[in-house]
Amino acid sequence: MDVYEAVDSRRAVRAFSAEPVPKEVLERVLTAATRAPSSGNLQPWHLYVVTGEPLAELKRAATARAVAGDPGDEREYPMYPDGLASPYLDRFAAAAVQRYESLGIERDDPDRPRKIATLNSEAFGAPAVLFCYLDRAMGPGQWADAGMYLQTVMLLLRAEGLHSCPQVMWTVYRETVSRAVGADDGLVLLCGVSVGFEKEGAPQLRTGRAAMTETVRFIGV
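About the cut-offs
- Residues numbered from 1 in each chain as written.
- Predicted model: local features only at pLDDT ≥ 70, side-chain atom pairs only at ≥ 80, totals over all residues.
- Heavy atoms only, no water.
- Pairing = 2+ DSSP bridges.
- Helix = DSSP H or I, 4+ residues; strand = E, 2+ residues; numbered from the N terminus.
- Axes fitted to C-alpha atoms, helices over the stretch in contact; angles between N-to-C directions.
- Contact = heavy atoms within 4.5 Å.
- 1 Å grid on protein atoms, 1.4 Å probe; cavity = no way out; pocket = protein on both sides within 12 Å on 5 of 7 lines; lining within 4 Å.
- Points joined across faces, edges and corners; volume = space filled by probe spheres on them.
- Buried < 20%, exposed > 50% of the residue type's maximum accessible area, 1.4 Å probe, protein only.
- Parallel < 35°, antiparallel > 145°, perpendicular 65-115°, else oblique.
- Left-handed = near helix turned anticlockwise from the far one by under 90°.
- Nonpolar A, V, L, I, M, F, W, Y, C, P; charged D, E, K, R; others polar.
- Salt bridge = Lys/Arg side-chain N within 4 Å of Asp/Glu carboxyl O.

Engineer: Give a detailed account of the sheet that holds strand S3 (residues 163-167), specifying residues and quantitative values.
Structural biologist: Strands sit in the order S1-S2-S4-S3 across an open sheet of four strands; the sheet is antiparallel. Among the strands making up the open sheet, the edge pair consists of strand S1 (45-51) and S3. Within the sheet, the average angular offset between the axes of one strand and its neighbour, ignoring direction, is 25°. As defined by bridge partners, strand S2 (residues 128-135) adjoins strand S4 (residues 187-196) across eight bridges and the pair is classed as antiparallel. Bridge pairing links aspartate 135 to leucine 187 in S4. Contacting S1 and S2, helix H3 (residues 52-67) runs over the sheet at an angle of about 95° to S1.

This is how it looks when you write it as structure tokens:
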């Protein structure tokens, strides 16, 4: 798989099979991902790879909170800015409609928040989840580094025939996650990334993207 194919085929998969992801594959991906860009070569990310019974137990604990209607732990950073306006709000709304339809959840379903939280807390059935943390002393530049690192990981996963789904949702259950992985208080959870093979026959969601001309300006060309 070449780079263009990996980029084009990468999408947030929300239905995984139970087939385990071989440890040697994850090691190969994460070893290669160490070459991701990093300003000043700080390499600020701290990654915890959770599989097997530890992941099953974490899913059970998080799902119990979701089913009980637990509002979750206080966020340590905003997921989206306040007062989101067009065109960003338009893109967000359009993607949300597509996502709920693919999950079979009606937009006006009064139980929608609990259903969504439950699907997320089960990592959509993924047999592996990567939890990415950063040191609290890090700033916006290092958060950008972590984003580039995770994108590198997700593209390498595609090269291995795997899919992924980045989930900021895990930050709502950050205390449960931190206990499970042993992360100390000096680290802040950025997100989880569910990893696995796509479930056969599951609806495939491919959200739209703005045209390149909407977001790019060429100067001097």
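Engineer: Could you give an account of empty space enclosed by the protein, with specific residues and numbers?
Structural biologist: Under the defined criterion, the tally for this structure stands at one cavity of 30 Å³ or more. Each pocket or cavity is described by its volume, and for the largest cavity that value is around 30 Å³. As for the largest cavity, its lining consists of Arg75, Glu76, Tyr77, Thr171, Arg174, Val188 and Leu189.

Engineer: Give me the pairing of S4: which residues, what numbers.
Structural biologist: Within a regular strand, the side chains alternate between the two sheet faces. Here S4 lies mainly inside the structure; 10 of its 10 residues are buried. As paired elements, S3 and S4 share five bridges and run antiparallel to each other. Paired with proline 166 across the two strands is valine 193, which belongs to S4.

Engineer: I'd like a rundown of the packing of helix H2 (residues 23-32) against helix H6 (residues 140-159), residues and numbers included.
Structural biologist: Packing of H2 against H6 brings their axes to within 9 Å, and their N-to-C directions diverge by 135°. As summarised for this structure, H2 and H6 are arranged oblique, according to the angle between their axes. The chirality of how H2 crosses H6 is right-handed. Residue-level contacts link Leu26, Val29, Leu30 and Ala32 of H2 to Tyr149, Val153, Leu156 and Leu157 of H6. Classifying every residue of the contact of H2 with H6 by side-chain character gives eight nonpolar, no polar and no charged.

Engineer: Go over the pattern of salt bridges, please, and point to the residues and values.
Structural biologist: Evaluated as defined, the whole model comprises 11 salt bridges. With a closest N to O distance of 2.8 Å, arginine 136 and glutamate 76 form a salt bridge. On the criterion of sequence distance, the pair formed by arginine 136 in the loop between S2 and H6 and glutamate 76 in the loop between H3 and helix H4 (88-103) is long-range, its members being 60 residues apart. Taking relative accessible area as the criterion, arginine 136 reaches 42% and is therefore assigned partly exposed. Overall, the relative accessible area of 33% leaves glutamate 76 in the partly exposed class. Here glutamate 214 ties to arginine 91 by a salt bridge, and the two come within 3.7 Å at their closest N and O atoms. Here glutamate 214, found in helix H8 (residues 212-215), pairs with arginine 91, found in helix H4; they are 123 residues apart in sequence, far enough to count as distant. Relative accessible area serves as the criterion here: at 49%, glutamate 214 is assigned to the partly exposed category. Ionic contacts of the salt-bridge type, sharing partners, join the residues Glu53, Glu57 and Arg60 into one network.

Engineer: Describe the environment of serine 178, and please don't skip the residues or the numbers.
Structural biologist: As for its placement among the helices and strands, serine 178 is situated in helix H7 (residues 174-181). Not counting residues up to four positions away in its chain, the partners in contact with serine 178 are Tyr133 and Ala183.

Engineer: Can you tell me about the packing of H3 against H7, naming the residues and giving the values?
Structural biologist: The N-to-C vectors of H3 and H7 enclose an angle of 165°; their axes lie 10 Å apart at closest approach. Judged by the inter-axis angle, H3 sits roughly antiparallel to H7. With respect to the hand of their crossing, H3 and H7 are arranged in right-handed fashion. The segment H3 lies against H7, with Leu58, Ala61, Ala62 and Arg65 engaging Thr176, Val177 and Ala180. In the contact of H3 with H7, the residues fall into five nonpolar, one polar and one charged.

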